[in-house]
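Understanding the architecture of this molecule
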Amino acid sequence: MLKKNYNFIIIPLLIASFISSIYIYVPNLPSSIDSRLRDFMFTLRGEIKPKSDSVAIVDIDEKSLQTFGQWPWSRDILSKILYNLTSAEVAVIGFDIVFAEEDRTSPHKIFKKFDIKQKNIPNFDLDFSQAIANTPTILGYQFELTNKKYINKNAPSIQTIFIEKNKKQGENYLITAQGTILNIPILQDSSYSSGFFNNIPDDTGIIRSIPLIISYEDEIYPSLSLETLRIGLGINKIYINYDENGIKNLQVGDFMIPTDRYGRLLINFRGKEKTFKYISALDIYNNSFNKEDITNKIILIGTSAAALMDLRATPFESIFPGVEIHANAIDNIISQDFLYKASWVEGVNIVIIFVLSFFTFFVIRKIPIWLTPIFTILFLFVTIYYIYYLMFNTGVVLNILFPIFSIILSGIISLIIGYFYEIKKKEEIKNKFASKVSKDVMEELLKNIDDNSLKAQNKEVSIFFSDIRGFTNISEKINKPELLIKYLNQYMTPMSKIIIKNNGTIDKYIGDSIMAYWNAPFDIDNHADKAVISALEQLEELKKLNIILKDLDQPQINIGIGITTGIATVGEIGSIGRSDYTIIGDNVNLGSRIESLCKFYGCNLIISENTKEKLKENYIFRYLDFVQVKGKEIPIKLWEVISLENDYKNINNELEKYSQAIKEFENKELKKALAIFYELNTEYEKKKIYDIYIHRCEEFIKNKNFSLLHKHEFK
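This write-up is about the structure you can find in this document. (Residues numbered from 1 in each chain as written. Predicted model: local features only at pLDDT ≥ 70, side-chain atom pairs only at ≥ 80, totals over all residues. Heavy atoms only, no water.)

**Some details on the packing of aromatic side chains**
- Summed over all chains, the structure comprises 35 aromatic pairs.
- Every member of this aromatic cluster is reached through a ring pair, and the members are F42, F316, F381, Y385, Y388, Y389 and F392.
- The positively charged end of K274 is found above the aromatic ring belonging to Y278, 5.5 Å away from the centroid. (Phe/Tyr/Trp six-rings, centres within 6.5 Å; stacked < 30°, edge-to-face > 60°. Lys NZ or Arg CZ within 6 Å of the ring centre and 35° of its normal.)

Put into C-alpha cells, the structure is as follows:
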C-alpha cells in the first residue's frame, strides 16, 4: 500500500516534469501550435471596435492609384495631402512609408537630366520637405536586422529621451539592428522626428507582436506607433522599466505599456482589415472628406493596395495592411487594453502544468470510469475558457497547448494506472458510502467496512456546540457578502482544525455555529477530555486571531461553547437519495441549550455535570448554577471550565471566596453570601456571575421566597 501511494504521487510528478521539459527545452514546434490556438481564440472572440477612436488611416488605395498612377507618386501630391490633413486639425501624421529615393518626376530633376538652365524650377522634394516641416508629420524608416552587403549605417535623429530603470549592467535585451533604410536626407532632416515600422513575423510567418524599441549602435530608437503617440501626447521622455528577466514595461506619460522581455508589444488585434476608419488618399487630396473623421486624431498614412506589397498575415487573416498593425498598437496603448506575456508568466505556465497534471491524475482516479470522458471534456473546456477569459479580460497571455496536453496525458495515464491498481473497485466502495456518511468519517469507515459501523445505535458521546456572540452586529458592520464569508472563514478554519486534531467529528456548520461530537461511530478514549481540551485550545487560538483582526481593523470575535456528555442516538438520517451520519436526542438539545447560557452567565465555556464526571485531566472549574432547562425534568449542575490545572492562573483566592459565597447561598445564609459577592465584585475583575448572585440574594432577602433558591428554569 505504501509503495502504491508513493507511485501515485511520483507518476503525476514525472508527467508534469516531462511536459515542462518540452516546454522549456523544445519550444519551437509547441510554440507554433500554441500560437495557432491563440489565433483561434481571436476568431472565437470575433471582431470588436477600436476602443479609443483616436486613430484613422489615410489609404493609398486602388482608387487613388487609378487616379494618380503607379507608386511612387509625385511628391507635390503628398505635400497637398499633408497640408489638407493639417488644415483639418489632425493631432499627428505618421508615414508608414520610407522615401529612400529622390522624386524622379520632379521638374528640377528632369531639367537637370537634360541640362536645361532655368530659374525657379519646382523641386518636389524640397516642397515636400517644407510640407513635412510645417505639418505635424512623423516619417517612417526601416532597420536592417541582418548584416547585408552595402548596408546603410547612417542613424536617424530622434527627439525621444529614453530613461532605463533597474537595468543590469552589461545586459541588453533589445532587438539589435545592423543598418538602416532611411528617407533621403532633405526629408529626414526636415521631420521633427521619425520612427521605425519594422513588423517582424514569428516562426509561423504571422505578425502577433511588434517591437516598440530597437537598439542600434548603443542608442535606443522608438517605433512609428510609439513615436507618434509620444508626440501626440507632448511627452519628451519614455521610461524603460526592467526586472530580473528583462524589460517589464514602457511608460509614456500616464500610459504604462507591458511588453515581453525584449520590448515587444503583443498586439490585441481588433479584427480583420479595415476595422479602423480608412479614408482614401484621393479624398484627402480633393478635400472631399468629413473633417470630423480625422480632427484631433493620430493619422497613419499607408496602403491597402495589393500591388504595393505592404500586406501581412495576422491572427485574423493572411492579407492585412501593415499600416493597420500600427493602428492596432496605438489603440491598445491609448485604451490600455493589452495582451502581454509578463516575465512571471513563464513560471506560471510551469506551475499550471504541475497543478493540472496532479489534479487531473487524482480526480480521474477517484471518479467512475464512465464519468472520465465527461470530466475530461468539461475540464478542458473550463481550462481553455479560463485562459480565454484571462487573455481578453485581464490581458494575461498564458500558454494554451501545454495545459491541454497536461490534462489529456495525465488523464490517459491515470486511467491506465487506475485499472492496474484496481482503483475502479476501490472507487465503487467509496461511492457506496459517499452518500451515507459524513466526509470526516468516510476513510475510517472504509477501513472497517464489514463491522456494521453505520448501524443505528444508542451510544455515549460528548457533544460540542459553539456560537459567535453578536454575529448579527458583525454582519451589519461587514456588509459585503464576500468579505463577511472571508472573515467567518478566518475563524472557522482554525476552530475546525482543532476539533479534527482532537479526533472529533464536525457534524455541521449552522451559520456561525459549529456542532461536533466525540466517540461515534468509533470508540475514542477520554472523549470528554478531548472535547473540553478542544474548547480550551479554541479559546487560546481565538486570542491570537483577535490580535490579527485588530491589526486588520476588523471586529473582534467572542464565542460561547457548551459541552455535555450522555447517551444519543447515532446513525444515518436523511432521504433515500441523500443521507448523513449524525446524532440526535435530548442530550444534543441539552448541549445546544448549555451553549446558549454562556451569554447569560458571561462565560466562554460551560460544561454539564455529566461531562465533568467523565473528565480524567485536572482542570480549574467554577461552579455556576443548578438549572432546569426546557425539555428536561431533572435539573443539572453547570460548571465553567477556566483552564487546565497546569495552565493555572493566580485566581486561587478569588475561587476560594467564590466557593464560600456559593456555600453560604446554598445554606440560605443570603446576607453572608451577598457580602462576599459584593466583596468579589469590588476586589476582583467584575464578572456577570457575581451580578447574577447579587441580584438573586437581594430578591430572596426582599421577598423571603426560598422555594426557587437552588433551581432556576431556562427556556
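**Here's the deal with the sheet that holds strand β12 (residues 255–258)**
- Spatial strand order, β4-β10-β11-β12: 4 strands in an open sheet with mixed pairing. Of all strands in the sheet, those bounded by a partner on one side alone are β4 (161–165) and β12. Geometrically, the sheet is characterised by an average inter-axis angle of 25° between neighbouring strands, direction not taken into account.
- Where strand β11 (residues 246–252) and β12 come together, 4 bridges link them in antiparallel fashion. Residue pairing in the sheet places Q251 in a bridge with M256 of β12. (Pairing = 2+ DSSP bridges. Helix = DSSP H or I, 4+ residues; strand = E, 2+ residues; numbered from the N terminus. Axes fitted to C-alpha atoms, helices over the stretch in contact; angles between N-to-C directions.)

**Some words on the pattern of salt bridges**
- Tallied over the full model, the rule gives 28 salt bridges.
- Residue D34 pairs with R38 through a salt bridge whose shortest N-O separation is 2.6 Å. Of this pair, D34 and R38 both sit in helix α2 (residues 28–45), separated by 4 residues, roughly a single helical turn. Neither D34 nor R38 differs from the other in exposure class; each is buried.
- Across the pair E144 and K148 runs a salt bridge whose closest N-O atoms are separated by 3.3 Å. (Salt bridge = Lys/Arg side-chain N within 4 Å of Asp/Glu carboxyl O. Buried < 20%, exposed > 50% of the residue type's maximum accessible area, 1.4 Å probe, protein only.)

**A look at the packing of α2 against helix α12 (residues 372–394)**
- Packing of α2 against α12 leaves a shortest axis separation of 11 Å and a crossing angle of 75°. Taken together, the axis directions place α2 and α12 in an arrangement best described as roughly perpendicular. Contacts between α2 and α12 involve R38, M41, F42, L44 and R45 from the first element and I384, I387, Y388, M391 and F392 from the second.
- Taken together, the residues that form the contact of α2 with α12 break down as 8 nonpolar, no polar and 2 charged. (Parallel < 35°, antiparallel > 145°, perpendicular 65-115°, else oblique. Contact = heavy atoms within 4.5 Å. Nonpolar A, V, L, I, M, F, W, Y, C, P; charged D, E, K, R; others polar.)

**Some details on the pairing of strand β21 (residues 559–574)**
- Note: strand β18 (residues 457–468) against β21, 12 bridges, orientation antiparallel. By the bridge assignment for β21, N458 is matched with T569.
- In this structure, β21 lies alongside strand β23 (residues 605–608), joined through 3 bridges in parallel fashion. Looking across to β23, one finds that I561 is bridged to L605.

**A look at the packing of helix α17 (residues 481–501) against helix α18 (residues 527–551)**
- Relative to each other, α17 and α18 sit at 155°, their axes nearing to 10 Å. In terms of axis orientation, α17 runs roughly antiparallel to α18. Considering the relative orientation of α17 and α18, their crossing is right-handed. Between α17 and α18, the contacting residues are Y487, Q490, Y491, P494, M495, I498, I499 and K501 on the first element and S534, E537, Q538, E541, L542, L545 and L549 on the second.
- When the residues that make up the contact of α17 with α18 are grouped by side-chain class, the tally is 9 nonpolar, 3 polar and 3 charged. (Left-handed = near helix turned anticlockwise from the far one by under 90°.)

**Points about unusual backbone geometry**
- Put simply, W71 and P72 share a cis peptide bond, and its omega is 5°.
- With respect to the helices, strands and loops of the structure, P72 is situated in the loop between α3 (62–68) and α4 (75–87).
- Phi at N287 takes a positive value of approximately 60°, unusual for a residue other than glycine.
- With respect to the secondary-structure elements, N287 resides in the loop between α9 (281–285) and β15 (298–302).

**A few points about the side chain of T383**
- Along the polypeptide, T383 turns up in helix α12.
- Within the local environment of T383, its side chain forms a polar contact with the backbone oxygen of F379, the two atoms lying 2.8 Å apart.
- In contact with T383, not counting residues within four places along its chain, are L356, P403 and I407. (Polar contact = N/O pair within 3.5 Å; in protein donor to acceptor, adjacent residues only side chain to side chain.)

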